[in-house]
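# Reading the structure
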There are 2 protein chains.
Amino acid sequence: MAAAWMAHCGVNARIVDKRNTKIFCGQADGLQCRSLEIFDSLGFADRAWKEANHMIEICMWNPGNDGIIRRSDRIPDTIVGLSRFQQIVLQQGRIERFFLENIKKHSKDAIKVERGVLPESLEIDLSKVDDDAAYPVTVKLRTLNEEESTPPQAVNASKIPDGLFRSNLIRDDDEADLIKKAQDRAGASEIVHAKYVIGCDGARSWTRRALGFELDGEATDFIWGVMDIIPITDFPDIRMRCAIHSAENGSLMVIPRENKLVRLYIQLKEVAPDASGRADRSKITPELIFGAAQKILSPYKIEYEYCDWWTAYQIGQRVGTEYDAHGRVFLAGDAVHTHSPKAGQGMNVSMQDTYNLGWKVALAAKGIAKRNILNTYQSERRRVAQDLIEFDHRFSRLFSGRPAKDVLDEEGVSMEVFKDAFLKGNLFASGLSVDYGASNLVVKAGDSLKQGDGSKVLKSVASISEEDFKKRQALATGLPVGMRFNSFKVLNQACARPWHFQERLKADGRFRVVLFAGNILDASQKARVDKFCAALDAPEHFLRKATPTDAPNDSVIEVLTIHSAKRTDTELLRDFPDILHPFDSHTGWDYNKVYVDDESYHEGFGDAYKNYGVDKQRGCVVVVRPDQYVAWIGELEDFDDLQKYFEGCLVLDQPATNGVNGTNGTSLPVR
Amino acid sequence: MAAAWMAHCGVNARIVDKRNTKIFCGQADGLQCRSLEIFDSLGFADRAWKEANHMIEICMWNPGNDGIIRRSDRIPDTIVGLSRFQQIVLQQGRIERFFLENIKKHSKDAIKVERGVLPESLEIDLSKVDDDAAYPVTVKLRTLNEEESTPPQAVNASKIPDGLFRSNLIRDDDEADLIKKAQDRAGASEIVHAKYVIGCDGARSWTRRALGFELDGEATDFIWGVMDIIPITDFPDIRMRCAIHSAENGSLMVIPRENKLVRLYIQLKEVAPDASGRADRSKITPELIFGAAQKILSPYKIEYEYCDWWTAYQIGQRVGTEYDAHGRVFLAGDAVHTHSPKAGQGMNVSMQDTYNLGWKVALAAKGIAKRNILNTYQSERRRVAQDLIEFDHRFSRLFSGRPAKDVLDEEGVSMEVFKDAFLKGNLFASGLSVDYGASNLVVKAGDSLKQGDGSKVLKSVASISEEDFKKRQALATGLPVGMRFNSFKVLNQACARPWHFQERLKADGRFRVVLFAGNILDASQKARVDKFCAALDAPEHFLRKATPTDAPNDSVIEVLTIHSAKRTDTELLRDFPDILHPFDSHTGWDYNKVYVDDESYHEGFGDAYKNYGVDKQRGCVVVVRPDQYVAWIGELEDFDDLQKYFEGCLVLDQPATNGVNGTNGTSLPVR
């Protein structure tokens, strides 16, 4: 994900991975709504959507008075109306493939994963960390050979791949060994000088240890196994997501998957950690795990001929103490948060970490944004990890607990409480409840320390009082500042094609000013729009000053318009100022910047103004960050404040440059 | 398209093309609803949908009393509610790419286009044409070199590719020349023995001439130019599809395209055919064509810097006298129908020709179907061409005619009549009004000669009287026999996922029996379903007899079920006979065969029974051909007649075979 941002923003980058192989099976599989919205911003959500299994319904199974499991409830897997996407499942290998192909397609420098390459040392030159032009981080890389970079399998002769080498049941770190081996045979090494380094190297992160940072938290006694199989079973809900609590034999989760596969998460009551808190992994075999599943599912029968992958893990919750070393080296994903996998959060929250970080690093590296926006990464994302850990702590105990026999059974877990937690958890798990706090990237009232993880961020000079903020937020009640820009359908003014508005917010590193132009055919509203556009167009204001002098005016900040007049009464060239549909001497007017909230012929009515909570007559102005989060809301008359917003986070007075963050504005089709 | 069928059905095939290059620009661009449904059956509609420009609205521009053009009407480009797809535009090169990749993905024998290869002779051994095992067609192929296989360009030094070498303004056939050149230098040649040959070799088809068949019809005096440009213009509807009649300067059609391109079809009033009926092509240049466009669009200004491609053509309508030589050599596409391109029918109808033919040839070649089904190709598709020619004759004269000044101007074209023709034309142009006549593939009443092109086809032994047919058709009023199976959303019974039902009718060469099971929870209805399923399952009946003994039971005919009971009250394994969700000892039950007409969580209610016009209590049975056309309708009690249908077109008593028409039934995921 981090590399995808670099590719989309035209920043040179390298990725190294100590393992020599791509993932072909197993690992994570759930993709939440927000991840799919992110994939769409990169251009490949459709591929995942097409290949994946779509999980539609969750069935709850609990023991009756006779101790026999029965379906007690059905709830939708994704909350209805939350997003244009719903939760799907697809194995991690395919998702990594989509990323690799997307990075290749978008990167000028052909960024690719260098496999079997391991960092040996990392140093930060503190005298240079505040110098924009410097490369303060030095990393020594060592190239492994085939044998060294092949991960060991738990059962050597088995044809079934397992994921135990990545499991938290094993705590051996093999980097020192591997490097020694490579050194002994004088394997190739290399010194890299970098402006920024991002450690996405998993729960036993080498980068985190090199920085001396910790993971805080605790393990539980709960141990679970995971199997991807093609089941042969009479259990009726095997193609539904199921949460099954057996009376005495533990719990099981069913995740139906693509290609007839089903993933089973199986509680292992027969395996427990020893006094040191560690489980004996030699006891954990596919046979043991599957035997536990059969007991839980009884009286239903389950067998399999084909197993794709298996692993096991010990439930625990940990969060990194720091995400950021001197604004130059960052940690993301499992390197700074670990928890149980059953809510499908690991891959999603991890990708969302670097979706938050990548554009900030890219814009800082290019000199487009101020380096101090990087402080918001820890504040925004460590807070999400804290919330996740808290959620998982509660949820995993409810899942691993024995179901209560009756209301007097206080040790047992009430199935009503569990269902309620599941319902609430679904909103959290969708990734759409994330609400970033005040900073120089998000203009809202309140205490930025409390809104974030407690670390300090610079607040915007455009920041406002609680009262003023309420007024501003009231201009677009459906677009809460700090949350992702929700999507409704609007029509292109020039060609009447319906678009989900989020489809116009692509991950290309650009900020966007969304002008809700209101009723453009009303003379007084038109005068307001004209005045706003005149300010936007002025050479001394942010739009021109943030843009390199030799680049098209929409290279750094793109202005998009949604108006509320009737489409067929309105004409693009006649009714909208030029700045809203810029002219290019090679290719004419830009027909993709102005949209209308009107009925479509084939796809219904998006009712965007109503859904965004914006006044149809007067409209408003909304700033959207490159990662689609709402950053600022104001009236058309609040231009000075808007100017201050961009002064607070972007580097104005851009000089000319070559090849900055290209738009399609001036490029002719290439044959 | 023909090769795609061979790939999907596992039949060995070769494609040769005398030209050495793929198409990178120009040629056809419009994709109609039915073509997109077909692409979806092959698996790549989503790629076209994503890349294409979507045409939403047609704007009519006509001269007012002052002679100045004005927008007089807006109509939707695709009739609302007709299909789950709407018309889109994308250049032919991309579409050919999708086909090449799809063929590569699905063919065991890696079918690819052999470029620069030309047929030199074609012979049919009449003594062998009725022998199923024989290879009665002998073709001699000659391989060209680079120079020979490169098409000439009209303007040699021009950087802008033109399509004149394919235009009907040039009537030189260069095959004899090319073959002589290749013979003189002793270029490689090869003899191919084939069961079947399909000539898809364009308006000047070598195959058609080798068979001695003709194109019947006439040319007009209307000459039109075509340009793909990035326009720089103040014309307000340049991103709409426009039909523009100027007062005196001729007509113009605007087709907005992908990548900022716009295609202009421009009437050339300054160029006329000479006494021999041929236009002087040396006069036709991009400058002449664009000058005509500027005059028509005046008082609006239009210029361009970038032109992607251009060509010109003379309007005419011709249809082939015969489509089929001895049921062994077939002609398709422009080889048997030519007309004007503005209704976007050329590529679409041509692809639909081989979509009709390909599976018939494949199933006949494999011995699954009787060879006499091949007679239906000419009957079904030549009739479509006749209808197309008639449509185009009327439409192109209305388009090329001068607009009437007033009601007394009888020589002029009434703009009301033109608009009306456009509206009606949109249904025809969608490809969804095609209605195939009675034959051994389509069981309906009436005169098969009148329903087809006049050529003779075998009628089904299951054929019925007008009165009986009315009763049968009344069982599913939304599924007219002979027309394509319309698509509404249903839910998978096992996982609740919504599918457009057409998505389950993939182009894999299988016939389908769609069992509308009605209210399966009603005991008497359940008894009817059980009885039907018992007959279906019997070893002496068509399902088992049409299937090779060593192949899964759904290899030749797939049974799909849609029931109307409440999803959550119904259970797949409990409520439906095994034959409706077959068990496989390696992979368990099949969870993808039974669907329910019920509300979804996220995608509304398809209301399939209502839309298909089927009784919710009693249901009915519908046979769907491999190309998605409705073939037979009957009650659950009409099993004997259903049996007769399959006896009429399939080869029963199949022996064991290897690798026939695989289903996913027994295949494990391959890593």
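How each quantity is defined
- In this numbering scheme, every chain counts its residues from 1 along its sequence in written order.
- Starting at A for chains and at 1 for ligands, labels are handed out in the order in which the entities are written.
- For this predicted model, a pLDDT threshold of at least 70 governs which residues receive local features, and a threshold of 80 or more governs which side-chain atom pairs are given and counted, while totals over whole chains, interfaces and linings are taken from all residues.
- Excluded from the side-chain calculations are hydrogens and water; all other atoms, namely the structure's heavy atoms, are used.
- Per the convention used, a helix needs a DSSP run of H or I reaching at least four residues, while a strand needs a run of E reaching at least two, with both numbered from the N terminus.
- The reference for a compact globule is 2.2 Å times residues^0.38; the radius of gyration itself is calculated from the C-alpha atoms.
- Any residue under 20% of the maximum accessible area for its type is buried, any over 50% is exposed, and the rest in between are partly exposed; the area is computed with a 1.4 Å probe on protein chains only.
- We call two residues contacting when some pair of their heavy atoms lies within 4.5 Å.
- For every accessible area listed, the method is Shrake-Rupley and the probe measures 1.4 Å; residues are considered covered only by the protein chains on display.
- Lys and Arg are tallied as positive, Asp and Glu as negative. Neither His nor the chain termini are counted.
- Where a charge lies is defined by one atom per residue type, namely NZ (Lys), CZ (Arg), CG (Asp) and CD (Glu).
- The axes are straight lines fitted to the C-alpha atoms, using for helices just the contacting stretch, and the angles between their N-to-C directions are given from 0 to 180°.
- Any angle from 65 to 115 degrees is called roughly perpendicular, while one under 35 is roughly parallel, one over 145 is roughly antiparallel, and all others are oblique.
- The handedness criterion is simple: a crossing whose near helix is rotated anticlockwise from the far helix by less than a right angle is left-handed, and one whose near helix is rotated clockwise is right-handed.
- Think of it as three bins: nonpolar holds Ala, Val, Leu, Ile, Met, Phe, Trp, Tyr, Cys and Pro, charged holds Asp, Glu, Lys and Arg, and polar takes everything else, Gly as well.
- Following DSSP output, two strands are said to pair if at least two bridges run between them.
- To line up the copies, we fit them by least squares on C-alpha atoms, keeping just the residues with pLDDT of at least 70 in both.
- To estimate how far a helix should reach, multiply one less than its number of residues by 1.5 Å.
- Throughout, bend refers to the angle between the axes fitted to the seven residues that end at a position and the seven residues that start at it.
- Throughout, the accessible surface (probe 1.4 Å) given up by two parts as they are put together, summed over both, is called the buried area.
- We define a salt bridge as a side-chain nitrogen of Lys or Arg found within 4 Å of a carboxyl oxygen belonging to Asp or Glu.
- As used in this structure description, the phrase polar contact means that two N or O atoms lie within 3.5 Å; if the pair is within protein, one of them must be able to donate a hydrogen and the other to accept it, and residues adjacent in sequence are counted only when both atoms belong to side chains.
- Each aromatic pair joins two rings of Phe, Tyr and Trp (for Trp, the six-membered one) with centres within 6.5 Å, and gets the label stacked for planes under 30 degrees apart, edge-to-face for over 60, and tilted for any other angle.
- You can read pLDDT as the predictor saying how much it trusts each residue, on a scale of 0 to 100.

Summing up its helical and strand segments, chain A has 18 helices and 28 strands in all. Relative to a compact globule of 671 residues, whose C-alpha radius of gyration would be 26 Å, chain A shows 26 Å and is just as compact. If one aligns the C-alpha atoms of chain A with their principal axes, the spans along those axes are about 75 × 65 × 50 Å. Within chain A, buried positions represent 60% of all 671 residues. Within chain A, residue pairs in contact and separated by at least 24 positions form 75% of the contacts whose partners lie at least 6 positions apart. Carbon and sulfur atoms make up 49% of the accessible area of chain A, which totals about 25800 Å². Averaging the locations of the 87 positively and 97 negatively charged side chains of chain A gives two centres separated by 2 Å.

Another aspect to go through is the environment of Phe 418 of chain B. All names here are of chain B. Examined against the element boundaries, Phe 418 turns out to sit in helix α11 (residues 415-429). A relative accessible area of 0% places Phe 418 in the buried class. Each C-alpha atom, one on Phe 418 and one on Pro 403, is 9.4 Å from the other, the two residues being 15 residues apart in sequence. Not counting chain neighbours up to four residues away, the residues in contact with Phe 418 comprise Met 60, Ala 243, His 245, Phe 395, Leu 398, Phe 399 and Val 413.

This brings us to the packing of helix α2 (residues 33-42) of chain B against helix α9 (residues 346-365) of chain B. All names here are of chain B. The N-to-C vectors of α2 and α9 enclose an angle of 45°; their axes lie 10 Å apart at closest approach. When the axis of α2 is compared with that of α9, the two are oblique. Seen along the crossing, α2 lies across α9 with a hand that is left-handed. The residues of α9 that touch α2, namely those facing Arg 34, Ser 35, Ile 38, Phe 39 and Ser 41, are Asn 348, Met 351, Gln 352 and Tyr 355. For the contact of α2 with α9, the class distribution of residues is 4 nonpolar, 4 polar and 1 charged.

Let's shift gears to the sheet that holds strand β26 (residues 594-596) of chain B. All names here are of chain B. The mixed open sheet is built from 7 strands, whose spatial order is β21-β20-β26-β23-β22-β27-β28. Lying at the two open borders of the sheet, with one neighbouring strand each, are β21 (498-500) and β28 (630-634). In this sheet, adjacent strand axes meet at a mean angle of 30° when their direction is disregarded. Strand direction decides the pairing type here: strand β27 (residues 620-624) and β28, joined by 4 bridges, are antiparallel. Considered in β28, the bridge of Val 623 is made with Trp 632.

Quick look at the relation of the copies chain B and chain A now. When chain B is fitted onto chain A, the two copies agree to an RMSD of 0.0 Å after a turn of 180° and an axial shift of 0.0 Å. Such values leave the two copies arranged in the relation of a two-fold axis. In terms of C-alpha distance to the rotation axis, chain B has Asp 46 of chain B as its closest residue, with the C-alpha 4.1 Å off the axis. Mapped onto chain A, 100% of the interface residues of chain B again fall at the interface, so both copies present the same surface.

Turning to α9 of chain B, a few remarks are in order. Working note: α-helix, 3.6 residues per turn, so residues spaced by three or four point in the same direction. All names here are of chain B. Over its 20 residues, α9 extends 28 Å from the first C-alpha to the last, a length consistent with the 28 Å expected when each residue adds 1.5 Å. Where α9 bends most, at Leu 357, the angle is about 25°. Counting buried positions over the 20 residues of α9 gives 19, a clear majority of the element. At the C-terminal side of α9, Gly 367 shows a positive phi close to 75°.

Where strands meet in a sheet, backbone hydrogen bonds hold them as pairs that are either parallel or antiparallel. Residues and elements named next belong to chain A. If you trace the 3 strands from one edge of the open sheet to the other, you get β2-β6-β3, paired in antiparallel fashion. The sheet is open, and its two edges are formed by β2 (30-31) and β3 (53-54), each paired on a single side. Inspection of the sheet shows β3 paired to strand β6 (residues 88-89) by 2 bridges, in the antiparallel sense. The residue of β6 that forms the bridge with Asn 53 is Val 89.

Now for the interface of chain B and chain A. Where interface size is given, it is often the accessible area lost as the parts come together that is meant. Listed per partner, the contact involves 57 residues of chain B and 57 residues of chain A. At the boundary of chain B with chain A, total buried surface from both sides reaches about 5100 Å², with 54% on carbon and sulfur atoms. The tally of links from chain B across to chain A stands at 6 salt bridges. Linking Glu 571 of chain A and Arg 71 of chain B is a salt bridge whose minimum nitrogen-to-oxygen distance equals 3.1 Å. At the surface where chain B touches chain A, the tally comes to 18 residue pairs in polar contact (both at pLDDT 80 or more).

We now examine the packing of aromatic side chains. A complete count under the given rule lists 71 aromatic pairs over all chains for this structure. Between the aromatic rings of Phe 395 of chain A and Phe 422 of chain A, the centroid separation amounts to 5.3 Å while the plane-to-plane angle is 80°, which identifies the pairing as edge-to-face. Separated by 27 residues along the polypeptide, Phe 395 of chain A in helix α10 (residues 375-400) and Phe 422 of chain A in helix α11 (residues 415-429) bring together distant segments of the chain. A relative accessible area of 4% means that Phe 395 of chain A is categorised as buried. On the numbers, 4.7 Å between centres and 85° between planes, the contact of Phe 290 of chain B with Tyr 304 of chain B is edge-to-face. Note that Phe 290 of chain B is positioned in helix α8 (residues 286-297) and Tyr 304 of chain B in strand β16 (residues 302-320), a separation of 14 residues in sequence.

All right, on to the pairing of strand β28 (residues 630-634) of chain A then. Buried residues dominate β28 of chain A, accounting for 5 of its 5 residues. Following strand β27 (residues 620-624) of chain A, the chain reverses through 5 residues before pairing antiparallel with β28 of chain A; Gln 628 of chain A in that reversal takes a positive phi of roughly 75°.

Atomic detail in the predicted coordinates should be set aside for any region of low pLDDT. All names here are of chain A. Mean pLDDT over chain A: 91, with 96% of residues reaching 70 or higher. Contacts of residues 660-671 to residues separated by more than four positions or lying in other chains number 30 contacts, the stretch itself having pLDDT below 50. The ipTM, which scores confidence in the relative placement of chains, is 0.92 for this predicted complex, and the corresponding pTM is 0.94.

The next thing to look at is the pairing of strand β5 (residues 69-76) of chain B. Residue and element names in this part refer to chain B. Where strand β4 (residues 57-63) lies against β5, 7 bridges are found, and the strand directions are antiparallel. Paired with Trp 61 across the two strands is Arg 71, which belongs to β5. Between the antiparallel neighbours β4 and β5 lie 5 residues, among them Gly 67 with a positive phi of about 85°.

With an omega of 15°, the peptide bond running from Ser 298 of chain A to Pro 299 of chain A counts as cis. Structurally, Pro 299 of chain A is set in the loop between α8 (286-297) and β16 (302-320). The residue Asn 259 of chain B is not glycine, and still its phi comes out positive at about 55°. Topologically, Asn 259 of chain B is positioned in the loop between β14 (251-256) and β15 (262-267). For Asn 259 of chain B, a relative accessible area of 55% corresponds to the exposed category. Backbone geometry at Asp 607 of chain B places phi at a positive 50°, although glycine is not the residue there. Note that Asp 607 of chain B resides in the loop between β26 and α17 (608-612).

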